[in-house]
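If you want the building blocks of each chain, they are given just below.
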Amino acid sequence: CLHHQGTVTMTDPINPDYYKTAPENTSIHGECIDYATDLGFVLGSAFKYVWRAGRKGDIRQDLNKAVKLLDHAVHNGSFRGQAHLRMDLATPQTPRRRIMLLIAAANTASARNAAQLIRAALDNPALLDTIDQPTNLRGAPHHSKERTDD
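Residues numbered from 1 in each chain as written. Predicted model: local features only at pLDDT ≥ 70, side-chain atom pairs only at ≥ 80, totals over all residues. Heavy atoms only, no water.

Caption draft 1: How the structure looks around the overall build of the protein. What the protein contains, in helices and strands, is 6 helices and 2 strands. Starting at the N terminus and ending at the C terminus, the protein contains elements arranged as β-β-α-α-α-α-α-α. When burial is assessed residue by residue, the protein has 37% of its 150 residues classed as buried. Within the protein, contacts between residues separated by at least 24 positions form 63% of all contacts whose residues are at least 6 apart in sequence. By element, 52% of the accessible surface of the protein is carried by carbon and sulfur atoms, the whole surface being about 9,200 Å². (Helix = DSSP H or I, 4+ residues; strand = E, 2+ residues; numbered from the N terminus. Buried < 20%, exposed > 50% of the residue type's maximum accessible area, 1.4 Å probe, protein only. Contact = heavy atoms within 4.5 Å. Areas by Shrake-Rupley, 256 points an atom, 1.4 Å probe, with all protein chains shown as cover.)

Shown next, in the form of structure tokens:
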């Protein structure tokens, strides 16, 4: 139970909210477990850490755990299956969503790329701060303003 100004909020210790709802701006439908179980233990755990990063404790700690697991998968061939993410494709890409898509692809190249993107974010506080912000294909912030030609 959590107490907030005289009210009591019940939390589920087995399946807390940060696993039930997708991270901000990812537009992924479903719960974390729906995807993590398809990926097997190693990639599923990496996926879980990226999913919850910054939503349960320290974002850096969870992302470092994800990198360690992705490196393990790359070096040991820990690829058991793919996860087919159900999402709104019209939503602009975010770095977190891109990383999750790479992990879900479940192959050596995508796991290596996901680990590189996470390392870049961990090395650059500005990137880490924008992990849930829409970006264009080059990684720059996406601006939703309509463009008008004069």
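Caption draft 2: Fine view of the side chain of Ser 45. Along the chain, the position of Ser 45 falls in helix α2 (residues 32-52). Residue classification places Ser 45 among the buried positions, given a relative accessible area of 11%.

Caption draft 3: Up close: the pattern of salt bridges. Going through the model one piece at a time under the given rule, you end up with 4 salt bridges. Between Arg 86 and Asp 34 there is a salt bridge, and its shortest N-O distance comes to 3.8 Å. Note that Arg 86 is positioned in the loop between α3 (59-76) and α4 (95-105) and Asp 34 in helix α2, a separation of 52 residues in sequence. Given a relative accessible area of 43%, Arg 86 falls into the partly exposed group. In this structure, Asp 132 engages Arg 96 in a salt bridge whose closest nitrogen and oxygen atoms are separated by 2.7 Å. Taken together, the residues span a long stretch of sequence, with Asp 132 in the segment after α6 (125-129) and Arg 96 in helix α4 at a distance of 36 residues. (Salt bridge = Lys/Arg side-chain N within 4 Å of Asp/Glu carboxyl O.)

Caption draft 4: Up close: unusual backbone geometry. A positive phi is found at Ala 106, a non-glycine position, where the angle reads about 55 degrees. As for its placement among the helices and strands, Ala 106 is situated in the loop between α4 and α5 (108-123).

Caption draft 5: Up close: α2. Taking 1.5 Å of rise per residue, 21 residues should cover 30 Å, yet α2 covers just 9 Å from first to last C-alpha, more than 12% shy of that figure. Positive backbone phi, approximately 80 degrees, marks Gly 54, located one or two places after α2. (Expected span 1.5 Å × (residues − 1).)

Caption draft 6: Here's a closer look at the packing of α2 against α3. Relative orientation of the contacting elements α2 and α3 amounts to 160 degrees, with a least axis distance of 8 Å. As the angle between them shows, α2 and α3 are arranged roughly antiparallel. Classified by chirality, the crossing of α3 by α2 is left-handed. Contacts between α2 and α3 pair Val 42, Leu 43, Ser 45, Ala 46, Tyr 49, Val 50 and Arg 52 from the former with Asp 62, Leu 63, Lys 65, Ala 66, Leu 69, Leu 70, His 72 and Ala 73 from the latter. Each residue belonging to the contact of α2 with α3 can be placed in one class, and the counts come to 10 nonpolar, 2 polar and 3 charged. (Axes fitted to C-alpha atoms, helices over the stretch in contact; angles between N-to-C directions. Parallel < 35°, antiparallel > 145°, perpendicular 65-115°, else oblique. Left-handed = near helix turned anticlockwise from the far one by under 90°. Nonpolar A, V, L, I, M, F, W, Y, C, P; charged D, E, K, R; others polar.)

Caption draft 7: Representation of the confidence of the model for the protein within the structure. Confidence in the prediction of the protein, expressed as mean pLDDT, is 80, and 77% of residues score 70 or more. Every residue in residues 1-9 scores below 50 in pLDDT, and together they form 10 contacts with partners more than four places removed in sequence or on other chains. In this model residues 137-150 is a low-confidence stretch, pLDDT under 50, and it forms 9 contacts with partners more than four residues away in sequence or in other chains. (pLDDT = per-residue confidence, 0-100.)

Caption draft 8: A look at the environment of Leu 127. By the secondary structure assignment, Leu 127 is in helix α6. Given a relative accessible area of 36%, Leu 127 falls into the partly exposed group. For Leu 127, the contacting residues outside a window of four places in its chain are Ala 120 and Ala 121.

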